[in-house]
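# Structural overview
Spelled out, the chains give:
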Amino acid sequence: MGTSDDLTEAGVRRAVRQGVADARLSLVSTVFWTILAAFTVLVGLQAVQLAFHTTGLAAVAFAAVGILVTGASGYLLYLLHWA
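Positions within a chain are numbered from 1, following the residues in the order the chain's sequence is written. Only residues with pLDDT of 70 or above have their local features reported here, since the model is predicted, and side-chain atom pairs are shown and tallied only from 80 upward, although totals for entire chains, interfaces and linings are computed over all residues. Calculated side-chain values reflect all of the structure's heavy atoms, with hydrogen atoms and water omitted.

## Structural notes on helix α1 (residues 9–51)
Strands here are runs of E lasting at least two residues and helices are runs of H or I lasting at least four, both read from the DSSP assignment and numbered beginning at the N terminus. A helix is expected to span 1.5 Å multiplied by its residue count minus one. In this model α1 runs 63 Å from its N-terminal to its C-terminal C-alpha over 43 residues, within 8% of the 63 Å that 1.5 Å per residue would give. Three exposure classes are used, based on accessible area relative to the maximum for each residue type with a 1.4 Å probe and protein chains only: buried under 20%, partly exposed in between, and exposed over 50%. Every buried residue of α1 is accounted for by Gly11, Ala37, Val41, Gly44, Ala47 and Ala51. Among the structural elements, α2 (57–81) are those in contact with the buried residues of α1. Throughout, a residue-residue contact means that at least one pair of heavy atoms, one from each residue, lies within 4.5 Å.

Below is the structure:
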């Protein structure tokens, strides 16, 4: 890595443009995954709710899938915003 004396104005501009593009992509990605995770939390809760209205093995399956989906989505939200 060179010293700061080797930097040119064009090099600094190029680095700033790349950094802004990376930040924009990161923000769009975070918003997309947040919306998707929030939606899947609702889907998981709906599956748990459906488990209360069915009987037998279907109820167990709906409950298990609902808990798994809700937990995974909650963990993704945690990773996106608090970790």
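More follows now that the structure is in view.
## Some details on the pattern of salt bridges
The salt bridge criterion pairs a side-chain nitrogen of Lys or Arg with a carboxyl oxygen of Asp or Glu, the two atoms within 4 Å. Here the structure, examined in full by the defined rule, presents 1 salt bridge. We note a salt bridge from Arg13 to Glu9, for which the minimum N-O separation is 2.5 Å. With Arg13 and Glu9 both in helix α1, this residue pair falls 4 residues apart, about one helical turn.

## Comments concerning the packing of aromatic side chains
Two rings from Phe, Tyr or Trp (for Trp, the six-membered ring) form a pair when their centres sit within 6.5 Å of each other. Planes less than 30 degrees apart are called stacked, planes more than 60 degrees apart edge-to-face, and all others tilted. Using the criterion set out here, one finds 2 aromatic pairs in the structure. Geometrically, the ring pair formed by Phe32 and Trp33 is edge-to-face, given 5.2 Å between the ring centres and 75° between the ring planes. The exposure class assigned to Phe32 is partly exposed, which follows from its relative accessible area of 48%. Here Trp33 falls in the partly exposed class, since its relative accessible area comes to 38%.

## Notes on α2
With 25 residues, α2 extends 36 Å between its outermost C-alpha atoms, agreeing within 8% with the 36 Å of an ideal straight helix rising 1.5 Å per residue. Listing the buried residues of α2 in full gives Ala59, Gly66, Ser73 and Leu77. Buried residues belonging to α2 abut α1.

## With respect to the packing of α1 against α2
Where α1 meets α2, the axes come as close as 7 Å, and the angle between the chain directions of the two elements is 155°. The orientation of α1 with respect to α2, classified from their angle, is roughly antiparallel. Here α1 and α2 pass one another in a crossing that is left-handed. Helix axes use the C-alpha atoms of the stretch in contact, all axes being lines fitted to C-alpha atoms, and the angles between their N-to-C directions lie in the range 0 to 180 degrees. Note on terminology: angles under 35 degrees are roughly parallel, angles over 145 are roughly antiparallel, angles of 65 to 115 are roughly perpendicular, and the others are oblique. If you view the pair so one helix is near and one far, a crossing is left-handed when the near helix is turned anticlockwise from the far one by less than a right angle, and right-handed when it is turned clockwise.

The quantities given are spatial measurements derived from coordinates; they are silent on function.
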